[in-house]
Amino acid sequence: MACMRIAVFGATGRTGRPLVDRALDRGHEVVAFVRNPADLPSAVRDDDRVSVIEGDAYGGDGVDRAIGGDDPVDAVVSVLGRSSESPDDLLTEAGRHVLAAMDRHGVERLVTLVGAGVREEGESVSLGGKVMGSLLKLLARSTLEDAVDHVESVRASDARWTVVRGPRLTDGPHTGDFRHGTGLALGVRDAAARANVAEFVLDCLEQDLYVHEMPKVADT
């Protein structure tokens, strides 16, 4: 496996931190895109294999430097997550800036993470999945709509994209024990440790898995 230079958007988030850690463990270089560098652990900031780019993905500030800069990255990962203070279209707008910068610098590979509530047209959904979808529409409609719009932009792009769809994410330990697939049936009880999701994202990059597909992932 060749070492890659990976731009990580959402590097200080709850999924971004284990993703950066595992990427370094697996021998990759990381361009960590952050709003506040102090939110990165000092051990990560001081690692010679880590470049820290401060910016605002929603407004586009710094995105071009993270993806292009003096040495364009080999791949881009977005694990951005919304908080109560985030704009309703965070993923959509940030994703557009990312895709535009990728196009400008000739970077093709993208893996982006969204919730399992995002459906493919004609997708078979389990009863539990339908319940989960109904709850999302009731309790987190703007989050779901933002993710759907983001995925539409990604699918319409020229990128070699993979959309990873996860259920409820937990901060449980990394086990490496998870299942994945485009036809994976998920219900309201399914969950995935963020560290396991991070491993799956890196598997998709390293093995070029699920290009132009939308796999789901969940702990076994």
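Keep in mind that this is a model prediction, so the values were computed, not measured.

Structural notes on the side chain of T15
Here comes step 1: Residue placement: T15 occurs in the loop between β1 (5–9) and α1 (16–25).
Here comes step 2: Within polar-contact distance, the side chain of T15 engages the side chain of R194 at 2.9 Å.
Here comes step 3: When sequence neighbours within four positions are dropped, the list of residues in contact with T15 reads V79, L113, L169 and R194.

A closer look at the pattern of salt bridges
Here comes step 1: Applying the stated criterion to the full structure yields 18 salt bridges.
Here comes step 2: In this structure, E199 engages R22 in a salt bridge whose closest nitrogen and oxygen atoms are separated by 3.8 Å. Of this pair, E199 sits in helix α7 (residues 194–206) while R22 sits in helix α1; the two residues are 177 residues apart in sequence, bridging distant segments of the chain. With respect to burial, E199 and R22 carry one shared label: buried.
Here comes step 3: The residue R104 makes a salt bridge to D64 at a minimum N-O spacing of 2.9 Å. Of the two residues, R104 is situated in helix α4 (residues 90–105) and D64 in helix α3 (residues 63–67); the sequence distance between them amounts to 40 residues.
Here comes step 4: Given a relative accessible area of 29%, D64 falls into the partly exposed group.
Here comes step 5: One salt-bridge network, held together by shared partners, links R5, E29 and D71.

A few points about unusual backbone geometry
Here comes step 1: With a phi angle near 55 degrees, Y210 is a residue other than glycine that sits in the positive phi range.
Here comes step 2: Looking at the secondary structure, you find Y210 in the loop between α7 and β10 (216–219).
Here comes step 3: Positive phi values are uncommon outside glycine, yet H212 reaches one of about 60 degrees.
Here comes step 4: Within the secondary structure, H212 sits in the loop between α7 and β10.
Here comes step 5: Accessibility expressed as a relative area gives 48% for H212, which makes it partly exposed.

The rules behind the values
- Residues numbered from 1 in each chain as written.
- Predicted model: local features only at pLDDT ≥ 70, side-chain atom pairs only at ≥ 80, totals over all residues.
- Heavy atoms only, no water.
- Helix = DSSP H or I, 4+ residues; strand = E, 2+ residues; numbered from the N terminus.
- Polar contact = N/O pair within 3.5 Å; in protein donor to acceptor, adjacent residues only side chain to side chain.
- Contact = heavy atoms within 4.5 Å.
- Salt bridge = Lys/Arg side-chain N within 4 Å of Asp/Glu carboxyl O.
- Buried < 20%, exposed > 50% of the residue type's maximum accessible area, 1.4 Å probe, protein only.

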